[in-house]
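# Fold and geometry: a report
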Amino acid sequence: MGDPSGGNILKKTIKLVTLLAAATLVAGVAVAPASNAAKIKACVVLDTGGVDDHSFNAGSWAGAQAASNVATVSYLPSSSAADYAPNIKKFIDQKCAIIIGVGFSISSEIVKAAKANPTVKFAVVDDAALDCNADYSVCNPVANVKGLTFATNEAAFQAGYLAAGYSKTGIVATYGGAPYPTVTIFMDGFAKGVAYYNKVKGKNVKVLGWDPAKPSAGTFVGDFSSTNKALQLSQGFEQQGADVIMPVAGGLGAATAGQSLKSGKSVTVWVDTDGYYAAPQYASVLLTTVAKGLGAAVKSAIVDTAKGQFTNKAYVGTLANKGVSIAPLHDFSSKVSSRLQLDVKVIGQKIASGTLSAK
Amino acid sequence: MSLELKGITKSFGSLVANDSIDLLVNDGEILAILGENGAGKSTLMNIVYGLLKPDSGEIRVNGEVITINEPSDALAAGIGMVHQHFMLIPVFTVLENIVLGHEATSKFGKLDLTKAREKLLALAADFGFHIDPDALIENLPVGVQQRVEILKALMYDAKILILDEPTAVLTPQETDELLEVVKRLRSQGTSIIFISHKLREVKALADRISVIRRGKVVGSAEPSASQEELASLMVGREVNLAPDKTAHEIKEVILKVDGLTVSDPSGRGLVKDVSFEVRGGEVLAIAGVQGNGQSELAQAIINLEDHVHGSISLGGKEIKGLSVHQSLHEGIAFIPESREDDGLIATFSIADNLILDTHREKPFAKGISLSPRAVVADAELKAKEFDIRAQSVKDPASSLSGGNKQKVVLARELSRPVQLLVASQPTRGLDVGSIEFVHERILAERDAGRAVLLFSTELDEVLALADRIAVMYAGKILAIVDSNVSREKLGLLMAGVAE
Amino acid sequence: MKRIVDRILGSALLPALSFILAFIISGFVIAFSDSKVLKLASSPGKFISTALSTVGNAYLALFQGSIYDPNLAHGHGFLQGLYPLSETIVTATPLILTGLAVALAFQSGLFNIGAQGQFIFGAIAASYVGFHFAYTPVLHVLLALLAGVVSAALWGGVVGLLKAKTGAHEVIVTIMMNYIAGFFILWILKTTTFLRHGRIDPIAPEVVPSSHLPHLAGANFRLHAGILIALAAAYFVWWLLNRTTIGFQFRAVGANASAAKTAGISVGYVTVATMALCGALAGLGGAVHVLGSEYALTADIAGNFGFDAITVALLGRAKPLGTVFAALLFGALRTGGRTMQANTTTPLDIVLVIQALIVLFIAAPTLVRFIFRIKNLKTQDAMTSKGWNG
């Protein structure tokens with residue numbers, strides 16, 4: 001009832017605020033951010049997958065961290081496309097020497113920022129990062145932006161061949177997070193690898209989820225974060241008889257691998273970074289990984305910048321320059337016939353040497 | 001067993017609910033405690049039953065001071081209580097409810113009801129109750145539920161029984177039966193504290209009467225005292241119990257209801273083929289036990305019900321099928337049976353409550369723009385006219401007492417130009433002073449030549465106000481009789497006995 | 001006057017105390033999740049000072065990232081230092097509008113979970129008018145906004161209609177409508193009309209400059225006229241609720257539908273009108289977001305604006321002014337969190353912890369009362385539990 005607690009609250013509040021303020025001040029004085037004059041600042045803007053996606057973002061961030069002897073590195077996550085521009089702006093304000101955008105969808109924001117800040121170096125993982133006009137009919141490179149792209153179709157071609165040979169049901173499947181070119185290129189290579197297997201062996205292994213001739217009918221989650229949808233897709237593929245599934249959806253691959261583990265009806269082809277190490281809990285169901293040398297590409301961009309050797313020359317990872325690769329079979333090396341293993345290896349050599357086209 | 005209270009004081013903040021109250025109930029005696037709502041009766045009984053702790057004072061049983069910290073202490077001391085709102089679990093059986101809190105278990109923790117069943121049946125036989133131990137509470141009539149409460153107290157050897165407003169929920173027949181039961185209890189040596197504000201019952205039952213007003217015992221009376229004497233003791237001033245009903249002129253028919261049927265969504269009939277007329281300058285009271293279709297009939301008249309057939313005409317114009325808003329504005333004042341649920345918006349200010357149905361009109365609104373100033377100014381006038389006691393008309397309606405809440409509803413409904421007043425249980429739960437006020441207003445409407453349709457379950461109210469009385473039973477109007485009908489005849493009609 | 005001041009203080013006290021408590025507890029989370037701090041667990045003195053400095057730095061960065069950053073002002077003037085504040089406002093703008101869409105529904109006793117879907121429809125319509133047509137500047141932006149408002153009002157109004165005519169519960173319906181809107185935008189961004197030429201990922205063409213909301217502080221700041229629209233909308237909602245017959249009916253139905261009905265107020269009309277207006281507000285949020293800061297429609301254009309709106313409305317106690325402040329607070333936490341992560345190692349996710357704690361304390365006033373030993377803290381909030389009883 002009528003107690004004079006108003007004054008009390010005020011006093012308590014003031015006390016608390018004072019305490020907090022004091023703590024802040026002490027803290028501010030006590031630890032000034034340690035600056036290392038020799039190092040540059042390298043900053044990574046992630047896409048919506050997040051730093052723990054065990055794939056695409058994680059691989060890029062690992063590459064940046066690998067360059068920490070020449071650079072202090074930091075990253076910012078993005079919860080939606082609306083975060084890209086402010087995140088880039090934040091790093092520009094932080095005086096980062098190089099800002100690396102991870103992902104195709106961040107590319108146009110990077111290009112915009114690069115044109116406005118010609119002294120800062122930029123790189124984009126997974127996109128050529130060209131400056132295009134409104135209808136993309138004319139595209140030009142930007143002086144301070146380096147595109148880091150990967151011909152993942154080459155390694156996916158091998159994986160497709162491997163999957164077709166491994167499949168007992170004669171049905172394999174793939175799906176993507178969203179119909180980004182960097183996603184569909186995997187699916188394309190995979191499907192063509194299967195087709196090549198069919199041609200060479202005279203078989204008829206079917207691919208669910210992607211038909212290079214009909215890209216609009218591809219199977220996609222719609223984003224890179226809806227675990228449930230990814231799980232439903234995986235279950236659907238299993239019900240249709242697929243026993244090898246390649247999810248190209250960043251962290252959502254875990255949903256498919258989890259389903260493989262649970263049902264025992266399928267195995268998963270991981271993408272981006274070797275899942276045997278990135279997601280060891282699923283190692284027993286990971287047939288292989290279509291690996292993208294994300295880390296190496298990111299690291300070299302940072303190191304070049306630190307050395308003052310940054311150029312805007314596009315980097316394209318291929319089988320030939322080992323920018324993409326198919327990971328070792330690990331636990332599956334005993335379960336895949338040595339004949340098939342050899343075939344896959346030979347196909348890789350042919351693609352690298354240019355005698356076989358993955359396109 | 002005797003119970004004596006000495007100097008019981010209990011305050012809530014600045015409000016003194018009980019101010020050094022002394023009371024004595026002798027062995028085998030019925031003490032009636034009479035007081036208005038909010039006088040402090042329930043607080044006092046909750047103290048005796050251990051639900052509240054007094055600030056000071058002592059409780060003696062058979063002359064010895066006892067400490068009551070919680071209801072189990074009271075039960076142990078032989079004090080039982082039947083609350084106004086029953087403390088029964090509707091989906092349990094009678095027997096299960098009775099053993100609740102005293103469950104006897106056999107080996108392995110299995111519930112053993114055999115002994116309790118035997119004791120219950122024996123007890124019921126002693127008092128001449130017919131009761132099925134296995135009936136579900138929710139299927140029993142209210143009067144029987146109350147007997148279960150009484151039996152529950154007796155099962156655990158209550159020698160002093162507190163009955164808190166026990167007749168509030170009962171039909172006249174059930175009330176009479178309860179009074180008989182209470183007398184029988186007394187004859188078997190149980191002391192009774194009977195709390196009520198109904199003068200007739202108190203006079204019929206009590207050995208002695210104590211009157212509480214504003215937390216104090218203001219006096220005691222013999223049952224032979226007149227109702228007027230008791231009422232003025234209770235209220236603290238002269239009270240007019242029988243409002244002056246002057247001779248008046250009956251005018252033309254205002255409300256004509258013809259073949260009206262109301263059903264629930266599943267098609268079950270709630271009001272069945274009801275026809276009647278109300279003329280200007282007369283009060284037609286619809287009497288009946290709660291739940292016989294009165295609520296639905298009242299709501300159907302302002303088109304609040306969905307599944308209605310038949311005809312309703314007001315001043316010769318068919319109004320069935322209009323919206324509620326249109327019906328009210330054809331000239332109906334509507335006092336809903338639940339002030340709290342349907343009459344008022346508790347969190348709204350008094351002023352806002354006064355414009356619930358007229359907020360679209362001048363001077364409150366211009367177009368869609370609402371003028372708070374006009375609303376408040378008008379509210380202050382109405383508060384004066386209807387004697388609404390509040391610090392400010394901007395206070396929320398929830399801060400008002402029951403009587404003042406009803407005055408807000410009356411003020412709102414009677415400030416519009418109306419031909420017909422439909423009042424549902426207009427005095428339910430009100431104190432004597434407020435009842436008097438409401439009755440006067442209702443008769444004033446009648447005397448001004450308006451038609452009044454009064455729904456009431458209180459026989460006293462029906463007899464005091466009505467010019468004609470229609471009795472509703474099971475959705476039908478059983479008979480329409482003159483107001484000089486005997487109480488007994490009315491009681492029989494309400495029980496569904498048509499001759 | 002004193003009465004009014006008391007009332008505002010009374011209703012702001014609980015959120016303010018909840019805010020302080022949330023920051024204190026989050027401080028512990030920050031300190032104990034920092035590996036640098038944990039390593040020092042063996043030497044208490046260092047442990048405490050490092051913990052304090054970690055938390056202090058994090059909160060300092062939070063402030064610098066959301067209100068004022070002296071580093072930005074250095075050599076560029078005070079105004080440049082306010083850049084973070086402008087970003088806070090940009091982030092808060094759509095949130096104010098979606099928050100109002102939820103708050104207004106609360107006032108009518110409805111629980112609008114559908115701000116997300118309504119936002120999406122507003123964004124789609126505004127984007128379409130923005131990129132597909134070419135009008136004179138002022139007219140164009142007004143038409144684009146109008147398109148967003150109208151389409152979302154229809155989208156929201158359907159919910160009201162379903163509830164009024166069939167009794168379908170608005171919580172279920174709006175949740176389902178969110179799914180429909182979410183997949184609708186995925187689909188529409190595959191159509192040739194919406195998909196940007198040369199792209200196959202879901203992104204629409206940029207809206208043309210004549211449909212952009214004007215910048216308020218020069219080209220270097222993203223601050224745009226959307227905040228003025230949002231504030232005007234908040235004023236409009238206040239005015240509607242407190243100064244009009246329609247708002248009177250909304251509040252009456254919200255506070256006691258049965259009494260409102262008995263007094264002749266049409267509950268069905270109020271339900272439909274409320275949901276349509278809520279849709280309009282959230283749709284305006286979507287339109288403003290597209291025309292003010294994003295310029296291009298993407299599949300995740302709605303971010304979490306529609307769901308954060310529920311928290312914002314609760315935090316603002318369903319009052320327009322409260323909602324504005326709550327949205328600004330959320331905007332500040334989001335933008336400040338960015339700096340916190342960039343400057344210190346404290347992850348951005350900690351702001352979600354802070355948000356969640358604030359809401360938790362607001363929902364459990366007894367706890368706050370107990371901690372601060374206050375007896376008369378105002379907690380009259382029927383609205384939080386109203387929705388489900390509808």
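Only a predicted model underlies this, so the values are computations on that prediction, with no experimental measurement involved.

## A short note on the sheet that holds strand β3 (residues 98-102) of chain A
Residues and elements named next belong to chain A. A sheet is described by the order of its strands in space; here six strands give the open sequence β2-β1-β3-β4-β7-β13, paired in parallel fashion. The open sheet terminates on both sides in strands that have one partner only, identified here as β2 (71-76) and β13 (315-317). Pairwise comparison of adjacent strand axes, ignoring direction, gives a mean angle of 15 degrees for this sheet. Sheet topology note: the strand β1 (residues 40-45)/β2 ladder contains six bridges and is parallel. Within β2, the residue paired with Ile40 across the bridge is Ala71.

## What to know about the state of the cysteines
Residues and elements named next belong to chain A. Enumeration over the complete set of coordinates arrives at two disulfides over all chains. Between the sulfur atoms of Cys43 and its disulfide partner Cys96 the distance amounts to 2.0 Å. Looking along the S-S bond of the Cys43-Cys96 disulfide, the torsion reads about -75 degrees, which is the left-handed sense. Within this pair, whereas Cys43 is found in strand β1, its partner Cys96 is found in the loop between α3 (84-93) and β3, the two being separated by 53 residues in sequence. Each of the two residues, Cys43 as well as Cys96, counts as buried. One disulfide bridge connects Cys132 with Cys139, the sulfur atoms lying 2.0 Å from each other. What sets the handedness of the Cys132 and Cys139 disulfide is the S-S torsion sign, and at about 110 degrees it is right-handed.

## Some thoughts on helix α10 (residues 226-243) of chain C
Residue and element names in this part refer to chain C. With 18 residues, α10 should reach 26 Å at 1.5 Å per residue; the first-to-last C-alpha distance of 25 Å fits that figure. Along α10, the residues that are buried comprise Gly226, Ile227, Ala230, Ala233, Ala234, Val237, Leu240 and Leu241. All buried residues of α10 fall inside an arc of 145 degrees around its axis, so they share one side. The secondary structure elements touched by the buried residues of α10 are α6 (83-107), α11 (245-255), α13 (267-294) and α15 (320-343).

## Focus: the pairing of strand β8 (residues 191-196) of chain B
All names here are of chain B. Within β8, six of the six residues are buried, which leaves the element mostly enclosed by the surrounding structure. Burial of β8 is two-sided: the residues Ser191, Ile193 and Ile195 facing one way and the residues Ile192, Phe194 and Ser196 facing the other way are all buried. As defined by bridge partners, strand β3 (residues 30-34) adjoins β8 across five bridges and the pair is classed as parallel. When the sheet's bridge partners are listed, Leu31 is paired in β8 with Ile193. In terms of strand pairing, strand β7 (residues 160-164) meets β8 through five bridges, oriented parallel.

## Quick notes on the environment of Ala230 of chain A
Turning to its location among the elements, Ala230 of chain A is positioned in helix α7 (residues 227-239). Taking C-alpha positions, Ala230 of chain A is 6.4 Å from Leu252 of chain A, a pair spaced 22 residues apart along the chain.

## Some thoughts on the interface of chain A and chain C
Accessible area lost when the parts come together is the quantity often used to give the size of an interface. The partner chain C presents 41 residues to the 43 residues of chain A that form the contact. The contact between chain A and chain C buries some 3700 Å² in all, and 61% of this surface belongs to carbon and sulfur atoms. Here chain A and chain C share three salt bridges between them. For Glu206 of chain C, the salt bridge is made with Lys112 of chain A, and the minimal N-O distance between the two is 3.2 Å. Connecting chain A to chain C are nine residue pairs in polar contact (both at pLDDT 80 or more). Listed by contribution, the elements that provide at least two residues to the side of chain A that touches chain C are α1 (5-30), β2, α3, α4 (107-116) and α6 (181-201) of chain A. The leading source of residues in the side of chain A that touches chain C is α1 of chain A, at 10 residues. The residue makeup of the side of chain A that touches chain C, split by class, is 21 nonpolar, 13 polar and nine charged.

## Regarding the side chain of Ser80 of chain A
With respect to the element layout, Ser80 of chain A can be found in the loop between β2 and α3. Excluding its chain neighbours within four sequence positions, the residues that come into contact with Ser80 of chain A are Thr48 of chain A together with Asp300 and Gly303 of chain C.

## Some remarks on the sheet that holds strand β12 (residues 269-279) of chain B
Residue and element names in this part refer to chain B. Spatial ordering of the open sheet is given by β12-β11-β14-β15, a layout of four strands whose pairing is antiparallel. In this open sheet, the two edge strands, each paired with only one partner strand, are β12 and β15 (317-318). Relative to β12, strand β11 (residues 253-263) runs antiparallel, the two being bridged by seven bridges. For Val257, the partnering residue across the bridge sits in β12 and is Phe276.

## Focus: the domain arrangement of chain B
All names here are of chain B. Annotation of chain B at the domain level lists domain 1 (3-235) and domain 2 (253-494). Put simply, the middle of domain 1 and the middle of domain 2, counted by C-alpha atoms, are 34 Å apart. Each side of the interface is counted separately: domain 1 has 10 residues, and domain 2 has 13 residues. When domain 1 packs against domain 2, close to 880 Å² is buried across both sides, 57% of that on carbon and sulfur atoms. Taken as a group, Asn37, Pro172 and Arg200 account for 41% of the area that domain 1 buries against domain 2, more than any other trio of residues on that side. As a salt-bridge pair, Glu458 and Lys198 come within 3.7 Å of each other at their nearest N and O atoms. The tally of links from domain 1 across to domain 2 stands at zero residue pairs in polar contact (both at pLDDT 80 or more). For the side of domain 1 that touches domain 2, the elements supplying multiple residues, two or more each, are α6 (172-187) and α8 (227-235).

## Brief notes about the nonpolar core
Grouped together as the largest cluster of nonpolar side chains are 168 residues, with contacts concentrated most on Ile469 of chain B together with Leu291 and Leu297 of chain C. At 13 residues, the largest contribution of residues to this core is made by α6 of chain C. Setting aside residues up to four positions removed in sequence, Leu297 of chain C forms contacts with Ala123, Ile124, Ser127, Ile185, Leu189, Phe194, Pro202, Ile203, Ala204 and Val290 of chain C.

## Side note on unusual backbone geometry
With an omega dihedral of 0 degrees, the bond running from Lys362 of chain B to Pro363 of chain B counts as a cis peptide bond. Within the secondary structure layout, Pro363 of chain B lies in the loop between α12 (350-354) and β17 (365-366). Of note, Asp273 of chain B is a non-glycine position whose phi angle comes to about 50 degrees, a positive value. Within the fold, Asp273 of chain B resides in strand β12. Asp273 of chain B gets classed as exposed once you look at its relative accessible area, which sits at 56%. With a phi close to 60 degrees, Ala318 of chain C is a non-glycine residue in the positive phi region. Of note, Ala318 of chain C is situated in the loop between α14 (305-315) and α15.

## Section: the confidence of the model for chain C
All names here are of chain C. Here chain C shows a mean pLDDT of 90. Residues at 70 or above account for 93%. Considering only residues more than four positions removed or in separate chains, one finds that residues 379-390, a stretch of pLDDT under 50, has 19 contacts. The ipTM, which scores confidence in the relative placement of chains, is 0.86 for this predicted complex, and the corresponding pTM is 0.81.

Thresholds applied
- Residues numbered from 1 in each chain as written.
- Chains lettered and ligands numbered in written order.
- Predicted model: local features only at pLDDT ≥ 70, side-chain atom pairs only at ≥ 80, totals over all residues.
- Heavy atoms only, no water.
- Pairing = 2+ DSSP bridges.
- Helix = DSSP H or I, 4+ residues; strand = E, 2+ residues; numbered from the N terminus.
- Axes fitted to C-alpha atoms, helices over the stretch in contact; angles between N-to-C directions.
- Disulfide = S-S within 2.5 Å.
- Buried < 20%, exposed > 50% of the residue type's maximum accessible area, 1.4 Å probe, protein only.
- Expected span 1.5 Å × (residues − 1).
- Arc of directions from axis to C-beta.
- Contact = heavy atoms within 4.5 Å.
- Buried area = accessible area lost by both parts, 1.4 Å probe.
- Salt bridge = Lys/Arg side-chain N within 4 Å of Asp/Glu carboxyl O.
- Polar contact = N/O pair within 3.5 Å; in protein donor to acceptor, adjacent residues only side chain to side chain.
- Nonpolar A, V, L, I, M, F, W, Y, C, P; charged D, E, K, R; others polar.
- Domains from an automatic or database assignment.
- Core = buried A, V, L, I, M, F, W, Y, C linked by side-chain atoms within 4.5 Å.
- pLDDT = per-residue confidence, 0-100.

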